[in-house]
Amino acid sequence: MSERPVAGHPIQRLDDDVHQRVRLGVLTVLAGVARADFAHLKATLAVTDGNLGRHLEALERAGHVEITKVIDGRRPRTWVRITRQGRHALRREVEALRELIAGLDGAAEPGD
Amino acid sequence: MSAVTDRLTAELTLIELGVLRDRNRRRAGALRFTSRALGVLHVATAGWVLLAGRHRVVVVYAPALLVIAVLTALRQRRAARVDGVQAPVTPWLAAAGAALVVAPALSLLGRSLDLPLLEEVGPTLAFALAYHLLGWWGRNRALILATAAMPVVSLLAATVTGGDALVAAQFAGSGVLLLLAGLAPDRSHP
């Protein structure tokens with residue numbers, strides 16, 4: 001028997017491009033700053049280079065972040081900035097998560 | 001995924017995001033240079049009020065605010081090369097900009113209603129409220145305390161003087177408080 005999500009259930013509003021721990025973390029860090037570099041994101045989120053790189057690529061493909069690579073002194077540096085679309089996606093995701101919790105509490109109306 | 005796992009995951013994710021958001025806000029709220037620069041601007045504005053009168057504050061304050069915003073942005077850009085993260089100037093600019101719109105409106109309202117206290121104290125309270133809300137938003141305890149003291153300074157000044165001297169005294173008082181808030185230890189990196 002296949003399970004289908006209930007119409008209007010918050011889980012339908014979770015964005016596959018965003019709904020992942022590292023990606024949500026990246027967007028949350030970037031939403032509060034003008035820009036951050038790769039090393040800062042890596043240290044803040046405690047992830048490996050490869051892991052972070054893959055998630056940043058996915059977020060960039062989805063249009064949620066802008067990535068700029070520069071040469072700072074003699075070393076390459078990657079700056080990341082959240083886009084307007086990324087801010088909207090983060091807001092929608094957090095709202096969906098809150099609705100999910102409220103729905104499971106049974107205290108709120110579905111879709112509230 | 002079961003409902004319980006769903007719920008736990010969602011709650012843990014929100015908690016984690018909340019911690020990251022708070023850390024960012026503390027960083028953005030702890031722009032001590034901006035607080036000190038605004039303090040200097042308020043003290044200088046006090047002198048300007050005594051020279052040109054309280055109805056010409058915007059002429060000095062607005063361009064100076066832009067200069068502070070540009071200087072802060074340049075400093076943050078330089079700091080970002082070391083820290084790897086650039087704090088936004090926009091929350092400070094938004095607070096100061098909002099106060100810059102509300103303050104003259106309160107002054108005009110006080111004048112049109114013939115309420116000297118509103119005209120002379122209202123604008124400074126607008127600045128105090130704007131920076132106080134910024135302090136709460138940025139979890140900046142020094143700024144919260146400094147701005148909470150501003151109305152007290154205004155009321156004390158109002159008991160001993162009036163007119164341009166009262167407005168100047170308030171700007172000087174709020175300037176010193178902003179300077180002190182800008183000199184407080186940085187707690188933006190827990």
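Placed above this text is the structure.
Remember, predicted model here, so these are calculated numbers, not experimental data.

Peer 1: Describe the interface of chain A and chain B, and please don't skip the residues or the numbers.
Peer 2: Tallying the contact residues gives 20 residues for chain A and 22 residues for chain B. Sorting the residues of the side of chain A that touches chain B by element identifies α1 (21-31), β1 (35-37), α2 (38-45) and α4 (84-105) of chain A as the ones contributing at least two each. The element best represented in the side of chain A that touches chain B is α4 of chain A, accounting for six residues. Counted by class, the side of chain A that touches chain B contains 11 nonpolar, four polar and five charged residues. Sheet topology places β1 of chain A next to strand β1 (residues 85-86) of chain B; two bridges connect them, and they run antiparallel. What sits directly across from Arg 35 of chain A, in β1 of chain B, is Gln 86 of chain B.

Peer 1: Can you lay out the sheet that holds strand β3 (residues 75-82) of chain A for me, pointing to particular residues and giving the numbers?
Peer 2: Read from one edge to the other, the open sheet built from four strands follows the order β2(A)-β3(A)-β1(A)-β1(B), with strand pairing classed as antiparallel. The outermost strands of the open sheet, each flanked by one partner alone, are β2 (65-72) of chain A together with β1 of chain B.

Peer 1: If you had to explain the environment of Gly 86 of chain A to someone new, which residues and values would you point to?
Peer 2: Relative to the elements of secondary structure, Gly 86 of chain A occurs in helix α4. As for Gly 86 of chain A and Glu 60 of chain A, which are separated by 26 residues in sequence, their C-alpha atoms are 9.4 Å apart.

Peer 1: With reference to specific residues and values, describe the packing of helix α6 (residues 141-160) of chain B against helix α7 (residues 163-183) of chain B.
Peer 2: A pair of packed helices is characterised by two quantities: the angle between their axes and the separation of those axes. Residue and element names in this part refer to chain B. Remark: α6 packs on α7, axes separated minimally by 9 Å, with the N-to-C direction vectors making an angle of 160 degrees. Between α6 and α7, the angle is such that the two are roughly antiparallel. Taken as a pair, α6 and α7 cross one another with a handedness that is right-handed. Across from Ala 142, Leu 143, Ala 146, Ala 149, Met 150, Val 153, Ser 154, Ala 157 and Ala 158 in α6, the residues of α7 making contact are Leu 166, Ala 169, Gln 170, Gly 173, Ser 174, Leu 177, Leu 178, Leu 180 and Ala 181. Looking at side-chain class alone, the contact of α6 with α7 contains 14 nonpolar, four polar and no charged residues.

Criteria and thresholds
- Residues numbered from 1 in each chain as written.
- Chains lettered and ligands numbered in written order.
- Predicted model: local features only at pLDDT ≥ 70, side-chain atom pairs only at ≥ 80, totals over all residues.
- Contact = placed C-beta atoms within 7 Å.
- Helix = DSSP H or I, 4+ residues; strand = E, 2+ residues; numbered from the N terminus.
- Nonpolar A, V, L, I, M, F, W, Y, C, P; charged D, E, K, R; others polar.
- Pairing = 2+ DSSP bridges.
- Axes fitted to C-alpha atoms, helices over the stretch in contact; angles between N-to-C directions.
- Parallel < 35°, antiparallel > 145°, perpendicular 65-115°, else oblique.
- Left-handed = near helix turned anticlockwise from the far one by under 90°.

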